[in-house]
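# A structural walkthrough
Chain by chain, the residues run as shown.
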Amino acid sequence: MLDAILKQAGASEPGFTRKTVKWAITCTRDGRYTGVVPLGEDKGQTFDGCPQLSQPELVGGDGARAHFLVEGLPTIALFWKEGLDDKEQEKFRAKHAYFRGLLAQAAEVAPYLKAAAALLNDESAMNEVRADLSRQKAKPTESACFRIDGLNPLEQTDWHDWWRAFRGTLKTPKAKAAPKMRCLLTGEIVEPMSTHPKIKGLAGVGGLGTGDVLAGFDKQAFQSFGLEQAANAAMSEETATAYAETLNRLIAEKSIKLGNVLAVYWFDRNIPLDDDPLSWLKEPEAQTAAGAELKARKLLEAIRSGQRPDLSNNVYYALLLSGAAGRVMVREVMHGSFEALTANVENWFRDLAIVAHDGKMLAPTPKFLAVAGSLVRDLKDLPALMVQHLWRAAITGGDIPYAALAQATLRARIDVINDTPVSHARMGLIKAYHLRKGDSYMQAHVNPEHPSPAYHCGRLLAVLARLQRAALGDVGAGVVQRYYTAASQTPGLVIGRLAANAKNHLNKLEGGLAYWYENQIADVMAAMNDIPGILTLEQQSLFALGYYQQLAALNAGNKNKPAESENKAEPPADLFAAHA
């Protein structure tokens, strides 16, 4: 995995990193304060090559230390929330003094930094800075840099050599030379780094806001052969910096948050965003029926016909990451050919395709998160393991996990009982499960030729429910809400009695409507060899699909169906009990 990450590495160097900065404190070259301006949009502007101290360098001195040129607002401007305790205020004042000292030292090679140092020494000007930050509703968690007469020091390189030399002075002389070891990634003999750089961007999936380590050995239980800390995964500072910087960039640019998991992916050779099949899982190109599936198919045909040679030999890599106790949890590592990925994404959307509730067309192409989210009441309840299994099924073409089928069947039953709108994504997932298990009879629309009696039991309940509505109108909790659970689990005990009761509803209909419903019931009954006594979980999911697809077919209407009467009889309190 790290080898694949390093292939994407650009220029990286220990002591430098990419940072996103929200604010710029502006001044003239003589140190006169001119204002505070926001950088970029939303979260701020990103700069490459910002000076960076590692965690050991930050805490290694006798006093507080700070980063150079870019820092948080509490450090750079002493801007914090009211009520911050005295100890914390003292800590930030010490870091502020260190930051000023760095500016003054670097001003020897970059004279324009004298203006920034002078501004920070001017208490009156700093009061104005804090007032402007408050007026613009800045947050203490945000960072800032300087802009001096329109010049941003982060975009200059004249201070780089000074910074490299300064970092060298922060290293504590060791009593004895550290033993050299073979680097796990490059195979070269190196002096191993004591702690690896942190991976950022996992705060929303269980990680820490300050970052998490990919390789951490801070406890003796994690260490072997008497090696200390990161010597157990020996890498040079240059190699560790390269993989951390590259992974941080991939997380920032090529990641999709899927509930409590972050999916990070990239390609061996960059491709246009329009040809990125994984981006279609996040946000299908066209939220119309079969839109993403059609696009994947066209792209696949272009690759196979030789029209897109640039994509034919490309390779994808995908990681599933989350954070746990300050460490990066790598849940899944996948890679394969671009062609196979495109084919699998096409299959994913094709297998999920399901008729819409109104029965007139296919439902819109669902996002991946809509499919996974249909299994739970709230996205925060979505288990990371479920996301991992579904993601694998989507991009490798594997089976839909059994646990997902169980959850989808349960949620579909709750929707029916509560009479809440059906989830197209959920019903599509149930259909995809059976398709990938080899059910060749499964279709997006209702299939009267399906061999499963459980499927037709669901269809029959849908017809009986619609018959009751035609005969009695809206009676609130009707036959579906009362008997769906029992009929979907033990149809042998319920379906026969409901079917026998149907004649009472047929007698209330006028004209040819009774004959039309009678034929509908007869057609469904004719498709069943018998009515099973007890249904397994998979059969219950077929029952749910049969019920949904038959209801969609009834909603679509039938040109041969007579019009229903407007006059409805008053319903009894319990329909089943009244006629059983």
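Residues numbered from 1 in each chain as written. Predicted model: local features only at pLDDT ≥ 70, side-chain atom pairs only at ≥ 80, totals over all residues. Heavy atoms only, no water.

- An unreviewed UniProt entry annotates the protein chain as Type I-C CRISPR-associated protein Cas8c/Csd1 originating from Methylococcus capsulatus.

## Details of the confidence of the model for the protein chain
- Per-residue pLDDT for the protein chain averages 86, and the proportion of residues at 70 or more is 92%.
- Overall, residues 566–580 carries pLDDT values under 50, and its contacts beyond four positions in sequence, including any with other chains, amount to 25 contacts. (pLDDT = per-residue confidence, 0-100. Contact = heavy atoms within 4.5 Å.)

## Details of the packing of aromatic side chains
- As enumerated under the stated definition, the model contains 17 aromatic pairs in all.
- On the basis of an interplanar angle of 90 degrees and a centroid distance of 5.4 Å, the ring pair of phenylalanine 368 and tryptophan 391 is categorised as edge-to-face. Of this pair, phenylalanine 368 sits in helix α13 (residues 368–373) while tryptophan 391 is found in helix α14 (residues 384–396), placing the two residues 23 residues apart along the sequence.
- Among the aromatic residues, those joined into a ring-pair cluster are Phe16, Phe68, Trp159, Trp162, Trp163 and Phe166.
- Over the face of the ring belonging to tryptophan 23 we find lysine 22, whose NZ or CZ atom lies 5.8 Å from the ring centre.
- The lysine or arginine in question, lysine 91, covers the ring of phenylalanine 92, its NZ or CZ lying 4.9 Å from the ring centre. (Phe/Tyr/Trp six-rings, centres within 6.5 Å; stacked < 30°, edge-to-face > 60°. Helix = DSSP H or I, 4+ residues; strand = E, 2+ residues; numbered from the N terminus. Lys NZ or Arg CZ within 6 Å of the ring centre and 35° of its normal.)

## Concerning the pairing of strand β2 (residues 23–27)
- Of all 5 residues making up β2, 5 are buried, and the element is well covered by its neighbours.
- A two-sided burial pattern is seen for β2, the buried positions comprising Trp23, Ile25 and Cys27 on one face and Ala24 and Thr26 on the other.
- Note: β2 against strand β3 (residues 33–38), 5 bridges, orientation antiparallel. The residue of β3 that forms the bridge with threonine 26 is glycine 35. (Buried < 20%, exposed > 50% of the residue type's maximum accessible area, 1.4 Å probe, protein only. Pairing = 2+ DSSP bridges.)

## Regarding the environment of tyrosine 316
- If you trace the backbone, tyrosine 316 turns up in strand β13 (residues 315–324).
- Not counting residues within four places of it along the chain, the set of residues in contact with tyrosine 316 comprises Trp266, Phe267, Met334, His335, Gly336, Ser337, Leu341, Ile395 and Thr396.

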